[in-house]
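Commentary on secondary and tertiary structure
The chain contents come next:
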Amino acid sequence: MKAHELRKHAEEIGFTPQEQTRWLAPGQLARTAVKVVLATVFAGYADKREIQGALSERPLHAPLCEPGAQELWIDFVADLGDGFDATSSVAWTLAAEKLTVDAPGPAPPGLTSRGALLVLGGDEVYPVASARGYEDKMKGPYRAALPTADDHPLLVALPGNHDWYDGLTAFLRIFAQQRPIGGWQTAQSRSYFVVQLPQRWWLIGLDSQLGEYFDDPQLRYFQKHLSANLEPGDGVIVCSAEPTWVKSADRSADAFDALHWFDRNYVRTRTDPQTGEQRPTGASIRLWLTGDRHHYARYAERLPEDTAPTGHLPPDPRRRQMVTCGLGGAYLSATHRLPAALPLPPSGSRLRERDDPPVVFDRARATDPDAADSRRMARRLAQPWSPYWLPRRNPGFAELTAGVHAVLFLLLSFLFALSQGVFTPVDAVRHADGGDLGSFVGGFCGAVAVLFLLRLLYRLLRPHVRAKPSTTLVALLMQVAVALAVLAVAVAVPFPDSWSGWAVLTACLVLAALVGAVLGSEAFALWILSARSGAATDWQMSGQSIEEHKGFLRLHLAPDGDITIYPLALDGICREWDLQDDPALGKRPVPAAPTTVRLIEDPVVIARNARTP
């Protein structure tokens, strides 16, 4: 049965399966915008991380696969709590005791079964956090995928921006009270964590609260449970809520500052409690993991002896790696505009103490989706014949543009009437000809041109004032162009003299609404596709709510201390479900067909004690 049919059995399965979030649907867009504004405005006044300082604090220890074993398998998944089909497909794949992996050669035995540690890398629910949202979109699907487990795999979770939109209230209730989620066992008591791994590895999760800063209780926690225990040669894995290394190149040069500062002051060095002096630990961050962007991309450290061009660096265990894998269930993100190289911190950073020269990380060639597919999929937003066309994928968007263009027609027809010296828009539409309309459009375009010239003159007279071109103005002008086309059609239509003024006005408004629903939506989609920066670039993919291309990372910590990353992608998501009745567990949705996974790229090996920068 389909996901919508499973909703009829919500009481029996314990949760209500949800559809994928439609991000540009007007209602959803408005609700999310309100939550974002409230979270941004009141974040500094409702920071629950300060309160967490009164909670118990302790490091966690990863459970080994077998008693006495010296290796560990770890699963990492992020951006997971969205539509039922995608989220549950990933959950069932993570929980599988025997997984089919499409890879050249025999797969290592541990690769085909779930890890002993599951790391949730942020954004465990969409679009905003709530107790009901977590239950329906994350806990329910994961509990159904793994109701019980004899080995009790450990689960740790990091909050992302969507988890923060309610001030972290629901997140702490779900993940910080040591309650199980199906067969997975939570153990953390705060929104951040330290997990001691075998072979002198450490896994940490940082909570930067909507990208703001690290609070003092959190820093004391890491000073006590991480910095004070690091020894020369130790390796650290850092989980962060967003790929600030990428954002430092395309949005803000200071985005990576907090992570770099933490690396220098809490990993590479520690503060002597007696003298207050900074002393080197001999440890280093070997791997950064994150989600937030719903794709797979990897950046590898460029070594001093490297001469290969960007993207062609040969495998080398000495390289540090930065991996984004946000394929856990949310909409797919683009990859075709990812920067090729990242000097970190970048030259524009305002951080006073930083590595000089900066360390350069180069993007690996393999991404999911690859650049060509990403570019092709982005264009579908503006293709009316595609099922991913903007108004088709976002219920209510066509109705919104129809209403906007009905209002625009009233405004433009009123201005047109004034230009013709008549009293009502209906008279102007009925009696004007092409010359009258041409004069009006020419005057309108002239006024717009004058405004642009005045803006240009202002920038020439005050060159120190840096103002970016208004992309919002461009979007508005595109809609005005559509409205002017509707006005031209209305002027050209020979309305019968027997029609009353109200009948003509009604016909014009219907025309404006119909044309606006189609061409207005298309104009908006084209404007989104033309964007090269800002939020509109994210809408190119979020506006489509693409459910395919899902996956996660499976990491192997070997007895020799090396970590191998296996980036896994599902061959497709499950859309057909059976309702299984278990006398002990009750009813739960089960995939109608097994899922297989494939390697996105060859496994990546990272040595623990490679050279320290």
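Everything in this summary refers to the structure shown in the same document.

Cut-offs and rules
- Residues numbered from 1 in each chain as written.
- Predicted model: local features only at pLDDT ≥ 70, side-chain atom pairs only at ≥ 80, totals over all residues.
- Heavy atoms only, no water.
- Axes fitted to C-alpha atoms, helices over the stretch in contact; angles between N-to-C directions.
- Helix = DSSP H or I, 4+ residues; strand = E, 2+ residues; numbered from the N terminus.
- Left-handed = near helix turned anticlockwise from the far one by under 90°.
- Contact = heavy atoms within 4.5 Å.
- Nonpolar A, V, L, I, M, F, W, Y, C, P; charged D, E, K, R; others polar.
- 1 Å grid on protein atoms, 1.4 Å probe; cavity = no way out; pocket = protein on both sides within 12 Å on 5 of 7 lines; lining within 4 Å.
- Points joined across faces, edges and corners; volume = space filled by probe spheres on them.
- Buried < 20%, exposed > 50% of the residue type's maximum accessible area, 1.4 Å probe, protein only.

What follows covers the packing of helix α17 (residues 471-492) against helix α18 (residues 501-530). It is at 9 Å that the axes of α17 and α18 come closest, and there the two elements cross at 145 degrees. Regarding α17 and α18, the two cross each other, and that crossing is right-handed. Across from T471, V474, A475, M478, Q479, V482, V486, V489 and A490 in α17, the residues of α18 making contact are C508, L511, A512, V515, L519, G520, A523, F524, L526 and W527. Of the residues in the contact of α17 with α18, the class split is 16 nonpolar, three polar and no charged.

A few words on empty space enclosed by the protein. Tallied over the full model, the rule gives four cavities of 30 Å³ or more. By volume, the largest cavity amounts to about 80 Å³. If you trace the largest cavity, you find twelve residues lining it, with H260, D263, W288, R320 and D355 closest to the centre. Elements that contribute at least two residues to the lining of the largest cavity include exactly α11 (257-267) and β17 (359-363). Here the residues of the lining of the largest cavity sort into seven nonpolar, one polar and four charged. Looking at the second largest cavity, its volume works out to about 60 Å³. A class-by-class count of the residues in the lining of the second largest cavity yields five nonpolar, three polar and three charged.

Turning our attention to the layout of surface pockets. Considering only enclosed or pocket space, the second largest pocket measures out at about 590 Å³ in volume. Elements with a contribution of two residues or more to the lining of the second largest pocket: α3 (26-42), α14 (397-420), α17, α18 and α19 (535-542). In the lining of the second largest pocket, the residues fall into 15 nonpolar, nine polar and two charged.

Right, let's talk about the side chain of T537 for a bit. The residue T537 is located in helix α19 in this model. Judged by its relative accessible area of 16%, T537 falls in the buried class. Once residues within four sequence positions are removed from consideration, T537 is found in contact with R251, A531 and R532.

Everything listed here is a matter of geometry and, on its own, says nothing about what the molecule does.
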